[in-house]
Amino acid sequence: MEPILQVIPGCPNSESARELFATALELEGIAVPAFVREIRTDQEAALHDFHGSPSFSLNGADLFESGTEPAVSCRVYRTPSGFAGQPDLEDLRRAIRASQASPGSAA
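The sections below set out a description of the structure shown in this document.

Reading guide: rules and limits
Residues numbered from 1 in each chain as written. Predicted model: local features only at pLDDT ≥ 70, side-chain atom pairs only at ≥ 80, totals over all residues. Heavy atoms only, no water. Helix = DSSP H or I, 4+ residues; strand = E, 2+ residues; numbered from the N terminus. Polar contact = N/O pair within 3.5 Å; in protein donor to acceptor, adjacent residues only side chain to side chain. Contact = heavy atoms within 4.5 Å. Buried < 20%, exposed > 50% of the residue type's maximum accessible area, 1.4 Å probe, protein only. Core = buried A, V, L, I, M, F, W, Y, C linked by side-chain atoms within 4.5 Å.

1. Quick notes on the side chain of T79
Turning to step 1, where the next piece is worked out: For T79, the location among the structural elements is in strand β5 (residues 77-79).
Turning to step 2, where the next piece is worked out: A distance of 2.4 Å separates a polar side-chain atom of T79 from the backbone oxygen of G82.
Turning to step 3, where the next piece is worked out: Those residues in contact with T79 that lie beyond four places of it in its chain are A84, Q86, P87, D88 and D91.

Right, here's the structure in full:
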């Protein structure tokens, strides 16, 4: 299990996203802490399939599908209360569960 939080330098959601991911992982029974990777260049964004800050992934797969090209940018999530700079807790938990249930996932 490899949880990774990817952010850009100065992302205003970095700290709250780190806390959100830690909470979601704990509630889903995943005892592995998330590694935080800072993405600084478009080349790094392409290498790590980064679609904006913050991005949440498990085992190399982004937990939220994105139709955008990899880039050093901010990311927006649709939440029950409107668009936000990070997903809400229940959406993140659902995405974690779905990633573990998908064929070929390493749980």
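2. Quick notes on unusual backbone geometry
Trans is the common state for peptide bonds, and a negative phi is the common state for residues other than glycine.
Turning to step 1, where the next piece is worked out: The omega torsion of the bond from S53 to P54 falls at 0°, within 30 degrees of zero and hence cis.
Turning to step 2, where the next piece is worked out: Inspection of the secondary structure puts P54 in the loop between α2 (42-47) and β3 (55-58).
Turning to step 3, where the next piece is worked out: Even without a glycine there, the phi angle at N59 is positive, about 50°.
Turning to step 4, where the next piece is worked out: Positionally, N59 belongs in the loop between β3 and β4 (61-62).
Turning to step 5, where the next piece is worked out: We classify N59 as partly exposed; its relative accessible area is 35%.

3. Some details on the nonpolar core
Considering soluble globular proteins, one finds that nonpolar side chains tend to be buried as a cluster.
Turning to step 1, where the next piece is worked out: Judged by nonpolar contacts, the single largest core of 16 residues is most densely connected at F21, F56, L63, F64, L92 and I96.
Turning to step 2, where the next piece is worked out: Take this core: its biggest share by element is five residues, from helix α1 (residues 14-27).
Turning to step 3, where the next piece is worked out: Contact partners of L92, with chain neighbours within four places excluded, come to L20, F21, A24, F56, L63, F64 and P87.
Turning to step 4, where the next piece is worked out: Ranked by size, the runner-up nonpolar core spans five residues in total, among them I8, C11, I39 and A45.

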